[in-house]
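Residue-level listing of the chains:
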Amino acid sequence: MQSCDIDTHQVNIVLTTDEEIRDLNFRFRKIDAATNVLSFPFEEPDDSSVHLFSQKELGDIVISFDRAVQESQTYNQPLQQRLNWLIVHGLLHLIGYDHERSEKDAEIMLKKEHDLLNEYKNQRSVLMPHLAVNVDHVATIREARGINEPDPVTAAAICELAGAQGIVVHLREDRRHIQDRDVKILRETVKTKLNLEMGAAQEIIEFALDLKPDMVTLVPEKRKELTTEGGLNIVSQKKKIARTIGKMTKANIPVSLFIDPDLKQIKAAADVGATFVEIHTGAYADATNESLQFDEFELIRTAAEEAHLLGLRVNAGHGLGYTNTAAIAAIDPIEELSIGHAIISRSVFSGLEQAVRDMCEIVESGSFY
Ligand code: PXP
């Protein structure tokens, strides 16, 4: 409202149902259909009673909550952001913008809407999220042949040139993909940020302390799993994790804990002194219908907000791809998304540089919702 010079006015925002908004649409506009938002500018009464109002009134914005939920699912957009858009849209109608008047008016209103939402976006409590690319999958292909190509070190350089702001590798105890040599060279060549994913095994801890990556992400590790399957259970191994964090902290290596979007784990992560949590997005990515995906999304959003309130920095990742990342990128406290499989898969067809550029664009556009 400040950006529209109307912050001296009061606006009433009413959330209602599809049925009620349809009724209003018919009564006031003779349109017999539900809609997402209606604006009713304040009409000054003829008599002097207007002086009884303590604040100047701008009018009412009526939003169908049913429709907002439906649209947020259709556009794979967080509900909060859909509501922001509806409020901005309704507010502009209240102050005289009207996209139905003419094409020119529609253009003007769209631009103003975009500018206001951008301004709102820039008020995120953290900056736009970064894309960190996990290059393990390149090493997996190399190890399948047991030769020296494709090289994850070359892949990391291409990712950085294409706009990735971090490189992630998981040095597993069984060395099934990334090798010690890869991590050592990456330490020398990565220009952005090297995030070493690892289990809390003594041998790997010593390797990390020696290598000094820009950060480590502790993950649970099982020999037989295809990829990291679930988040860490911090609650059940607080002492062990706190000890590992203590060692890393002494070496100035920030620690992130990979956890499910579970408030108990978030709280435990704060208790053991982690700097970051990485919220596991696997269940969201694997959801088989929109409703389940929406529920998983809400868990991630709530967990991210809770972690931020507890002073933790927040990353997210696992299973994210070209169709489900924008909504996660739009969650306010999330600073970085760690994505591997989808990017390396697409690179087979489009080239790695293009695949990274495409994902960078999605991560950035997500923060515009
Ligand atoms: N974050 C963590 C902790 C992981 O273990 C992985 C997989 O290695 C990823 C992110 C990336 O997952 P994906 O390859 O599915 O994008």
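Residues numbered from 1 in each chain as written. Predicted model: local features only at pLDDT ≥ 70, side-chain atom pairs only at ≥ 80, totals over all residues. Heavy atoms only, no water.

**Student:** Any chance you could explain the overall build of the protein chain here in plain terms?
**Tutor:** The helix and strand tally for the protein chain stands at 15 helices and eleven strands. Structurally, the protein chain occupies a C-alpha span of about 85 × 45 × 35 Å along its principal axes. Counting only residues that meet the buried cut, the protein chain has 47% of its 369 residues in that class. Of the contacts made within the protein chain by residues no fewer than 6 positions apart, 67% connect residues no fewer than 24 positions apart. When the accessible surface of the protein chain is totalled, it reaches about 18,600 Å², and 51% of it is carbon and sulfur. Positive and negative side-chain charges of the protein chain, numbering 39 and 59 respectively, have mean locations separated by a distance of 8 Å. (Helix = DSSP H or I, 4+ residues; strand = E, 2+ residues; numbered from the N terminus. Buried < 20%, exposed > 50% of the residue type's maximum accessible area, 1.4 Å probe, protein only. Contact = heavy atoms within 4.5 Å. Areas by Shrake-Rupley, 256 points an atom, 1.4 Å probe, with all protein chains shown as cover. Lys, Arg positive; Asp, Glu negative; His and termini not counted. Charge placed at Lys NZ, Arg CZ, Asp CG, Glu CD.)

**Student:** Mind showing me how you'd approach the site of the ligand here?
**Tutor:** Among the 16 residues in the neighbourhood of the ligand, the closest are listed as E197, T228, E278, G319 and G340. Contact between the ligand and H137: an oxygen atom at 2.9 Å from a side-chain N or O atom of the residue. G319 places a main-chain nitrogen or oxygen 2.8 Å from an oxygen atom of the ligand. Isolated, the ligand exposes 390 Å² of accessible area, and the fraction of that covered by the protein chains is 96%. Elements with a contribution of two residues or more to the shell around the ligand: α5 (136–145) and β11 (334–339). Here the residues of the shell around the ligand are counted per class, giving three nonpolar, ten polar and three charged. (Near = heavy atom within 4 Å. Polar contact = N/O pair within 3.5 Å; in protein donor to acceptor, adjacent residues only side chain to side chain. Nonpolar A, V, L, I, M, F, W, Y, C, P; charged D, E, K, R; others polar.)

**Student:** Whenever I open this one, the domain arrangement of the protein chain confuses me. Can you help?
**Tutor:** Interfaces are often sized by the amount of accessible area the parts lose when they come together. In terms of domain boundaries, the protein chain breaks down into domain 1 (9–125) and domain 2 (130–365). Its C-alpha centre places domain 1 at a distance of 40 Å from the equivalent point of domain 2. In this assembly, nine residues from domain 1 lie in contact with 16 residues from domain 2. Overall, the association of domain 1 and domain 2 removes approximately 1,000 Å² of surface from exposure, summing both partners, and the carbon and sulfur fraction of that is 41%. Put simply, domain 1 and domain 2 have zero salt bridges between them. (Domains from an automatic or database assignment. Buried area = accessible area lost by both parts, 1.4 Å probe. Salt bridge = Lys/Arg side-chain N within 4 Å of Asp/Glu carboxyl O.)

**Student:** Whenever I open this one, a positive patch on the surface confuses me. Can you help?
**Tutor:** A cluster of like positive charges, contributed by K239, K240, R243 and K247, occupies part of the molecular surface. Among the secondary structure elements, K240 is positioned in helix α9 (residues 238–250). (Patch = residues over 30% accessible without salt bridge, like charges linked within 9 Å, V, L, I, M, F, W, Y side chains within 5 Å.)

**Student:** In this structure, what is going on with the packing of aromatic side chains? I would like to understand it.
**Tutor:** Each pair of aromatic rings is reported with the distance of its centres and the angle of its planes. Here the structure, examined in full by the defined rule, presents two aromatic pairs. Taken together, a centroid distance of 5.2 Å and an interplanar angle of 65° make the contact between F28 and F40 edge-to-face. Here F28 is found in helix α1 (residues 18–29), whereas its partner F40 is found in strand β2 (residues 37–41), with twelve residues between them in sequence. Here the aromatic rings of Y284 and F297 are separated by 6.3 Å at their centres, their planes lie at 50°, and the arrangement is tilted. Highlighted residues: Y284 in helix α11 (residues 282–286) and F297 in helix α12 (residues 290–309), separated in sequence by 13 residues. No difference in accessibility class separates Y284 from F297, as the two residues are buried. Sitting above the plane of the F26 ring, K30 keeps its charged end 5.7 Å from the centroid. (Phe/Tyr/Trp six-rings, centres within 6.5 Å; stacked < 30°, edge-to-face > 60°. Lys NZ or Arg CZ within 6 Å of the ring centre and 35° of its normal.)

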